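# Structural description and commentary
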Amino acid sequence: MSNINSQRADALATLIDDATRAGLLPPNATRPVQDVRPWPLVLMTAFGAWLAAIPLMIALGVGLESVVRHGPGAYVVAAIVLVAAVLLIRARGVALFVEQLAVPCLLVGGGLLGYALYRDYTAQMASSLLCLACLVVAAALPRDWLRVLLGVVSCGLLALGIVDSRTDWIFENDPTQLYLAWMLALAFWLGVHWLQKQAFNDGRGAPIATFLESLSTGWVLAILMGLAFWSGMTFMLGASVGPGITQEVVNELARQRAGTWYAQALNGVSLVLAVAATAWTGWRWPALRQLPAIGVALVLIVLAWFMPALGPVLLILAYCLTSGRSRVAVAAALAAAWILGSFYYQLAWPLASKAALLAVAGALLCALSWLATRGAVLHLVESQPAGVAAGGRAARLGVLGGVLLVLLVANGGIWQKEQLIAKGEPIFVALEPVDPRSLMQGDYMRLNFVNLGVLSTLASVDRAPGRPLVVATRDARGVAELQRPYTKEALAPGEFLLELTPKDGRWVLVSDAWFFKEGEAGRWEKARYGEFRVLPDGRALLVGMRGPELEKL
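Everything in this summary refers to the structure shown in the same document. These numbers were taken from a predicted model, which means no experiment stands behind them. (Residues numbered from 1 in each chain as written. Predicted model: local features only at pLDDT ≥ 70, side-chain atom pairs only at ≥ 80, totals over all residues. Heavy atoms only, no water.)

## Describing the packing of aromatic side chains
Summed over all chains, the structure comprises five aromatic pairs. The interplanar angle of 45° and the centroid separation of 4.9 Å between the aromatic rings of Tyr179 and Trp230 together place this pair among those described as tilted. Note that Tyr179 is positioned in helix 8 (residues 175-199) and Trp230 in helix 9 (residues 206-231), a separation of 51 residues in sequence. What makes Trp230 buried here is its relative accessible area of 1%. For the ring pair Phe188 and Trp219, a centre distance of 6.4 Å and an interplane angle of 85° mean the geometry is edge-to-face. Of this pair, Phe188 sits in helix 8 while Trp219 sits in helix 9; the two residues are 31 residues apart in sequence, bridging distant segments of the chain. For Phe188, a relative accessible area of 44% corresponds to the partly exposed category. On the basis of relative accessibility, which here comes to 9%, the residue Trp219 falls in the buried class. Taken together, the ring pairs in this structure connect Trp189, Trp280, Trp283 and Tyr319 into an aromatic cluster. Seen from the ring of Phe496, Arg474 lies directly overhead, with NZ or CZ sitting 5.7 Å from the centre. (Phe/Tyr/Trp six-rings, centres within 6.5 Å; stacked < 30°, edge-to-face > 60°. Helix = DSSP H or I, 4+ residues; strand = E, 2+ residues; numbered from the N terminus. Buried < 20%, exposed > 50% of the residue type's maximum accessible area, 1.4 Å probe, protein only. Lys NZ or Arg CZ within 6 Å of the ring centre and 35° of its normal.)

The structure is reproduced here in structure tokens:
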């Protein structure tokens, strides 16, 4: 091990000498000092410093409350705290505990400065000034990870500074303003990278290039998060997290985008940026100038027309992939996947049309993937050695096995449902329907079954070890009535079991909604009973709705 370390040290010394002779490094350049402190020690010390800083900051706030509440005192205290934090982080030889105390001081100073700015100026002006302060502090700090975080904060503040502050920035503003803010931030990011390459691509400009790289990484991460948020909730996330403020934001953004006459302009911007991403990737990677890659690019360009946030993300992805910024490229790919999933919730499109578009795109991508494996299209395949070809066959067999497994699981679930419908006993449960329109998932009827009061005595969803059962009876018509929770006692004649399902932190009877095709609300508004099929072990399936006289609808 010592021989390996010495060889690495000699190689680094040789590299520094060669760079100094070539003029890439100054004559007095020396080997950088490595931080040899174990990371568990740094982590534990940082945790202790943060805990110790909490009462310190509380005492400081109580003692200086009268000073910072009004007047310029807040600016003075914020400046002192920020300068002290920066000096501690830049200092060498200080104790690790003292060094870690500087990070919460940095947060407190920034928060106090933000409080003073938003108190004395408009939200736009305060956001712009705080963004400038973040950039200044980032330039003074030597830690890359702090520069990345400050880049995220400064980019978000720039976006808030552009959005009109006279109205609520989510529910009353035109969301186009926020989109244009992210586009301006993207233009700044691209300009910084151009400046980094043109002006600081040598040894003398290395410190500035390093600063710009760290700051721009955080900047572009903020853009990706902002575009993902702007695009709305992604596929099936709403069903997982339930309704709330996020869903309200999605509804409002989608409604305003669908109703503005310049929504097509946003689509055009996204299309142009997607084309630019394709052209850039083809120029930097000539090997992709082949049919499969071009086909994939065309599919993404078409999708970018329907999803305004996709084009900018594709441009970021293309630039980061071709410049070796793999981590940011992974973040951009995740953001692109999020945006593709958000198309499911676009209100301006019927659900069937959205499904058809995505299905066609998926079929084209599958066909292009098949073409990419043919030697007639990708000539690189013909020159591969036998081992690589065998690996390719193994990969194709793995993909085929995965597809077969998915089909097996899906068809197994369908078979189980069919068996439940065929062998289950029919029962009917009276309901009190609430009938809203779900602009997210087509039309549906919210179900509120009668006699669900017995569920209030059950354990909460979080504490329950499994799905509980309730005891029910039915009359001569087959209409069921819930009686009590099942506690493994013997059932009386005529009693049977029903299994409950967790939904949004509560128990429901199989489901709390009945979905139907768009435009058929009049057919289902007459429903008064839910039709179930029940097995002896309590498993049940909602199979239909019945009218007031149990007639089929």
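## Concerning the packing of helix 5 (residues 96-120) against helix 6 (residues 123-140)
Axes are the key here: two packed helices are described by the angle between their axes and the distance separating the axes. Contact geometry of helix 5 with helix 6 gives a least axis separation of 9 Å together with a crossing angle of 155°. In terms of axis orientation, helix 5 runs roughly antiparallel to helix 6. Helix 5 and helix 6 meet at a crossing whose hand is right-handed. Mapping the contact onto sequence places Leu106, Gly110, Leu113, Gly114, Leu117 and Tyr118 in helix 5 and Ala123, Ala126, Ser127, Leu129, Leu130, Ala133 and Val137 in helix 6. Here the contact of helix 5 with helix 6 is composed, by residue class, of ten nonpolar, three polar and no charged. (Axes fitted to C-alpha atoms, helices over the stretch in contact; angles between N-to-C directions. Parallel < 35°, antiparallel > 145°, perpendicular 65-115°, else oblique. Left-handed = near helix turned anticlockwise from the far one by under 90°. Contact = heavy atoms within 4.5 Å. Nonpolar A, V, L, I, M, F, W, Y, C, P; charged D, E, K, R; others polar.)

## Observations regarding the nonpolar core
Trp189, Ile223 and Ile316 are the most contacted members of the largest nonpolar core, which has 79 residues in total. Here the element with the most residues in this core is helix 9; it accounts for eleven residues. The next biggest cluster of nonpolar side chains, apart from the first, holds 26 residues, and it includes Val429, Leu431, Ala480 and Leu500. (Core = buried A, V, L, I, M, F, W, Y, C linked by side-chain atoms within 4.5 Å.)

## Observations regarding the pairing of strand 10 (residues 540-546)
With six of seven residues buried, strand 10 is to be regarded as a mostly interior element. Two elements, strand 9 (residues 529-534) and strand 10, share six bridges in a ladder whose sense is antiparallel. Paired with Tyr529 across the two strands is Arg546, which belongs to strand 10. (Pairing = 2+ DSSP bridges.)

## Section: helix 15 (residues 326-342)
For an α-helix, the turn length of 3.6 residues means that residues three or four places apart are oriented alike. A rise of 1.5 Å per residue sets the reference length of helix 15, with its 17 residues, at 24 Å; its end C-alpha atoms lie 24 Å apart and thus fit the reference within 8%. If you follow the buried residues of helix 15, they end up packed against helix 9 and helix 14 (310-322). (Expected span 1.5 Å × (residues − 1).)

## A few points about the pattern of salt bridges
Enumeration over the complete set of coordinates arrives at nine salt bridges. Note that Asp120 is salt-bridged to Arg119, the shortest N-O span being 2.9 Å. Note on Arg119: relative accessible area 28%, which makes it partly exposed. For Arg484, the salt bridge goes to Glu489, with nearest N and O atoms at 3.0 Å. Of the residues examined, Glu489 reaches a relative accessible area of 23% and is grouped as partly exposed. Residues participating in the shared-partner salt-bridge network are Arg484, Glu489 and Glu495. (Salt bridge = Lys/Arg side-chain N within 4 Å of Asp/Glu carboxyl O.)

## Details of helix 6
Under the 1.5 Å per step criterion, the end-to-end length of helix 6 is 26 Å for 18 residues, consistent within 8% with the ideal 26 Å. Turning to helix 6, the residues buried within the fold contact helix 4 (73-90), helix 5, helix 7 (144-162) and helix 9.

## Considerations on the pairing of strand 1 (residues 425-430)
Inspection of the sheet shows strand 1 paired to strand 9 by six bridges, in the antiparallel sense. When the bridges of strand 9 are listed, Phe428 appears paired with Glu531. As defined by bridge partners, strand 1 adjoins strand 4 (residues 479-485) across two bridges and the pair is classed as parallel. Along strand 4, the bridge assignment pairs Val429 with Ala480.

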